[in-house]
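A look at the structure
For reference, the chains in residue letters:
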Amino acid sequence: MAKFMLGRKAGMTQVFDENGSVIPVTVIACGPVTVLQNKTVEIDGYSAVRVGYEETKKGNRPHRGQFEKIGVKPMRIIREFRSDDEYEPGQVIPVNEMFEAGDAVDVSGTSKGKGYAGAIRRHGMARGPESHGSKYHRKAGPMSSAATPARVFKGNKLPGQLGYKRVTVQNLSVIQVDGERHFLVVKGAVPGPKGGLLEIRSTVKTKKK
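The following paragraphs examine the structure supplied in this document. (Residues numbered from 1 in each chain as written. Predicted model: local features only at pLDDT ≥ 70, side-chain atom pairs only at ≥ 80, totals over all residues. Heavy atoms only, no water.)

Below, the discussion takes up the side chain of Ser108. With respect to the secondary-structure elements, Ser108 resides in strand β7 (residues 104-110). A polar contact of 2.8 Å, which involves the side chain of Ser108, links it to the side chain of Thr168. In this view, Ser108 contacts Arg166, Val167, Thr168, Pro191, Leu197, Leu198, Glu199 and Arg201; residues no more than four positions away in its chain are not counted. (Helix = DSSP H or I, 4+ residues; strand = E, 2+ residues; numbered from the N terminus. Polar contact = N/O pair within 3.5 Å; in protein donor to acceptor, adjacent residues only side chain to side chain. Contact = heavy atoms within 4.5 Å.)

Structure (structure tokens):
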């Protein structure tokens, strides 16, 4: 069974295990999500489930008809998750029906945007001599080889936008699940700022014993 959920990052804290060791954890305000559509191989070419999260007053106009068809309120966020399982359109899925303590999950989100940054901060390049007169302190290094190839190749490490990219942290352990208060506690850090949207899935990796 493919497990999935949508949520927002609430913040980080710490818990203690039975040995008294400190475990850094992230609290995620999760779901519940509402099933909007089942996608099948016969019709769509792949198997997936389409879900909505966070009710809103008006919603996106192109999607409004789909909400009315299954009799649910408009949702602010719509996402698809690959799954071979069949769900009933309009079905509400809380977090405790998907995950339990001990599960391994992958968490995807948008990392914090840090604005425009130089090559040293963005890529960890070494700086030039700091002595007086060097005129080469924090610049990026040479970009090409003189007359040949006489151009800068794509993909070179240069100054530019730092952060604000989709990031996935894999193989995090679920420490606690609370279905009444709709939160999920996972070990370690997840991408994004507080309040950032997160997608939680079953991990694609196998946990080492």
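The antiparallel closed barrel is built from 6 strands, whose spatial order is β1-β2-β11-β10-β7-β12. Averaged over all neighbouring strand pairs, the angle between strand axes comes to 50 degrees, with direction disregarded. As paired elements, strand β10 (residues 166-178) and strand β11 (residues 183-187) share 4 bridges and run antiparallel to each other. Residue pairing across strands places Asp178 opposite Phe183, the latter belonging to β11. (Pairing = 2+ DSSP bridges. Axes fitted to C-alpha atoms, helices over the stretch in contact; angles between N-to-C directions.)

What follows deals with unusual backbone geometry. Cis geometry is found at the peptide bond from Gly31 to Pro32, where omega equals 0 degrees. Here Pro32 is to be found in the loop between β2 (22-30) and β3 (33-39). Here the phi dihedral of Asn171 falls at roughly 60 degrees; this positive angle occurs in a residue that is not glycine. Owing to a relative accessible area of 23%, Asn171 belongs among the partly exposed residues under this scheme. Of note, the phi angle at His182 is positive, near 60 degrees, even though the residue is not glycine. On the basis of relative accessibility, which here comes to 29%, the residue His182 falls in the partly exposed class. (Buried < 20%, exposed > 50% of the residue type's maximum accessible area, 1.4 Å probe, protein only.)

A cluster of basic side chains, namely Lys112, Lys114, Arg121 and Lys194, defines a positive patch on the protein surface. With respect to the helices and strands, Lys114 occurs in strand β8 (residues 113-117). (Patch = residues over 30% accessible without salt bridge, like charges linked within 9 Å, V, L, I, M, F, W, Y side chains within 5 Å. Areas by Shrake-Rupley, 256 points an atom, 1.4 Å probe, with all protein chains shown as cover. Salt bridge = Lys/Arg side-chain N within 4 Å of Asp/Glu carboxyl O. Lys, Arg positive; Asp, Glu negative; His and termini not counted. Charge placed at Lys NZ, Arg CZ, Asp CG, Glu CD.)

What follows deals with the sheet that holds strand β6 (residues 92-93). One key point about sheets: their strands pair by backbone hydrogen bonds, in either a parallel or an antiparallel sense. Strand order in this open sheet of 4 strands is β5-β4-β3-β6, and the pairing throughout is antiparallel. The open sheet has two edge strands, β5 (75-82) and β6, and neither has a second partner. Bridging between strand β4 (residues 48-55) and β5 involves 7 bridges; their strand directions are antiparallel. Bridge pairing in β5 links Val51 to Arg79. Here helix α2 (residues 61-70) sits on the sheet in contact with β3, β4 and β5, set at roughly 100 degrees to β3.

With respect to the helices, strands and loops of the structure, Tyr164 is situated in the loop between β9 (160-163) and β10. Note on Tyr164: relative accessible area 62%, which makes it exposed. It is 33 Å that separates the C-alpha atoms of Tyr164 and Gly90, two residues lying 74 residues apart in sequence. With sequence-adjacent residues up to four places away left out, Tyr164 is seen in contact with Thr110, Ser111, Lys112 and Gly113.

A complete count under the given rule lists 9 salt bridges for this structure. The partner of Asp103 in a salt bridge is Lys3, and the shortest N-O contact between them spans 2.9 Å. Here Lys3 lies in the segment before β1 (4-16) and Asp103 lies in the loop between β6 and β7, a separation of 100 residues in the sequence. When its relative accessible area of 14% is taken as the criterion, Asp103 is described as buried. The salt bridge partner of Arg166 is Glu199, with a shortest N-O separation of 3.2 Å. Here Glu199 lies in strand β12 (residues 197-202) and Arg166 lies in strand β10, a separation of 33 residues in the sequence.

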